[in-house]
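Residue-level structure breakdown
So the chains spell out like this:
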Amino acid sequence: MTQPTDIRRVPTVLLAPTRPFRVLDGCCCIGGATAGLRRAFGPNVHITGVDIEPQPDYCGDAFHQGDVIDFIHAHGHRFDFIHVSPPCQGEGAPAKGTNRARNERIGRTYPRLIRPVRAALEATGRPYSIENVPGSDVRKDVRLCGEQFGLAVLMHRYFELGGWTTAQPAHPKHRGYVRGWRHGEYHEGPYVAAYGKGGGKATVDEIRAAKGIDWSTHHFRLREALPPAYMEWIGRAYLATLAPALEVAA
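A few points on the structure. (Residues numbered from 1 in each chain as written. Predicted model: local features only at pLDDT ≥ 70, side-chain atom pairs only at ≥ 80, totals over all residues. Heavy atoms only, no water.)

Focus on the nonpolar core
- Counting 40 residues, the largest nonpolar core has Val 23, Phe 41, Phe 81, Leu 144, Phe 159, Tyr 230 and Ile 234 as its most contacted members.
- Contributing elements (two or more residues each) for this core: strand S1 (21-26), helix H1 (32-41), strand S2 (45-51), strand S6 (142-144), strand S7 (157-162), helix H5 (204-211) and helix H7 (228-249).
- If you tally residues by element for this core, the top one is H7, at eight residues.
- Grouped together as the second largest cluster of nonpolar side chains are 19 residues, Ile 69, Ile 72, Tyr 128 and Val 138 included. (Core = buried A, V, L, I, M, F, W, Y, C linked by side-chain atoms within 4.5 Å. Buried < 20%, exposed > 50% of the residue type's maximum accessible area, 1.4 Å probe, protein only. Helix = DSSP H or I, 4+ residues; strand = E, 2+ residues; numbered from the N terminus.)

As structure tokens, this is what we get:
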């Protein structure tokens with residue numbers, strides 16, 4: 001049986017009691033990262049989402065539609081922690097119909113945001129994380145996978161950590177195939193393919209169950225969203241780095 005990766009338990013009383021702990025979720029989509037960060041940081045957190053597209057299903061406390069880099073330059077210094085998930089289509093996504101070379105060949109272009117996002121984040125002086133896919137420009141400080149949390153989706157994602165560090169958690173062996181058709185052969189397996197349509201790929205209900213997202217039924221946005229468990233782990237890992245200093249201060 002899969003043993004989910006330990007999500008560090010840091011008392012929420014360590015957070016500043018006089019005001020909310022302010023978090024920014026950039027390129028937030030429906031808020032998969034937001035939901036995880038809320039679990040990590042507890043009830044005394046206020047999370048603002050920013051996305052270039054309207055996100056009627058966003059689950060945070062406030063939403064701003066606009067350019068994430070402009071928003072970080074203008075307001076990033078006001079937040080206690082910042083997370084950004086730049087769209088993977090422009091960043092070298094794996095060959096599942098959205099890789100950079102294919103997009104360029106068919107004339108579809110996506111911005112490459114990781115480097116300018118990193119520069120904007122570093123200018124704030126605030127702790128941050130950036131998430132993206134293998135093959136992207138994101139620094140590979142931590143890799144997370146659905147198997148680490150007992151999820152029915154794999155979704156290997158890398159996280160670059162700015163202003164703090166943490167250890168890489170163990171990566172359990174996958175238990176089998178991702179269900180669906182590949183190269184003319186159908187595979188059964190414990191994981192669903194939460195991308196694209198057809199070929200045995202996951203339905204809306206299957207993606208919701210596999211990722212642990214229950215507040216949206218939008219197929220494309222569900223496919224794009226991070227499982228909340230990933231950012232819960234990242235958020236608690238960050239809090240663990242604060243605990244010794246906060247305990248001394250207390």
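Examining the side chain of Thr 48
- Looking at the secondary structure, you find Thr 48 in strand S2.
- Here Thr 48 falls in the buried class, since its relative accessible area comes to 11%.
- Setting aside residues no more than four positions away along its own chain, Thr 48 makes contact with Val 23, Leu 24, Asp 25, Tyr 58, Ala 62, Phe 71 and Phe 79. (Contact = heavy atoms within 4.5 Å.)

Quick word on the sheet that holds S6
- Taken together, the seven strands give an open sheet; going across it, the order is S3-S2-S1-S4-S5-S7-S6, and neighbouring strands pair in mixed fashion. Strands with a single pairing partner mark the edges of an open sheet, and in this sheet they are strand S3 (62-65) and S6. Strand-to-strand twist across the sheet, computed as the mean angle between neighbouring axes with direction ignored, equals 20°.
- Two strands pair when backbone bridges link them, and S6 and S7 are joined in this way by three bridges, in the antiparallel orientation. Among the inter-strand pairings, Arg 143 is bridged to a residue of S7, identified as Tyr 158. (Pairing = 2+ DSSP bridges. Axes fitted to C-alpha atoms, helices over the stretch in contact; angles between N-to-C directions.)

Let's talk about the environment of Phe 159
- Here Phe 159 is to be found in strand S7.
- Take Phe 159: its relative accessible area is 0%, and that puts it in the buried class.
- When the C-alpha positions of Phe 159 and Leu 144 are compared, they lie 8.0 Å apart, and in sequence the two are 15 residues distant.
- What Phe 159 contacts, discounting residues up to four positions off in sequence, is His 83, Ile 130, Glu 131, Arg 139, Lys 140, Asp 141, Val 142, Leu 144, Leu 226, Tyr 230, Met 231 and Ile 234.

Concerning the packing of aromatic side chains
- Applying the stated criterion to the full structure yields nine aromatic pairs.
- Their ring planes at 55° and their centres at 4.7 Å tell us that Phe 21 and Phe 41 sit as a pair that is tilted. Here Phe 21, found in strand S1, pairs with Phe 41, found in helix H1; they are 20 residues apart in sequence, far enough to count as distant.
- On the numbers, 5.6 Å between centres and 35° between planes, the contact of Phe 149 with Tyr 230 is tilted. (Phe/Tyr/Trp six-rings, centres within 6.5 Å; stacked < 30°, edge-to-face > 60°.)

Considerations on helix H2 (residues 68-75)
- Along H2, the residues classified as buried are Val 68, Ile 69, Phe 71 and Ile 72. The buried residues of H2 occupy an angular sector of 160° when projected down its axis, which confines them to one face. Summarising the geometry of H2, the exposed residues directed more than 90 degrees from the buried face are Asp 70 and His 73.
- Considering only its buried residues, H2 is in contact with S1, S2, S3, strand S4 (81-84) and helix H4 (114-124). (Arc of directions from axis to C-beta.)

Some details on the state of the cysteines
- In the structure shown here, the tally under the stated rule is zero disulfides.
- Cys 29 supplies the cysteine sulfur nearest to Cys 28, a cysteine that is in no disulfide, at a spacing of 7.3 Å. (Disulfide = S-S within 2.5 Å.)

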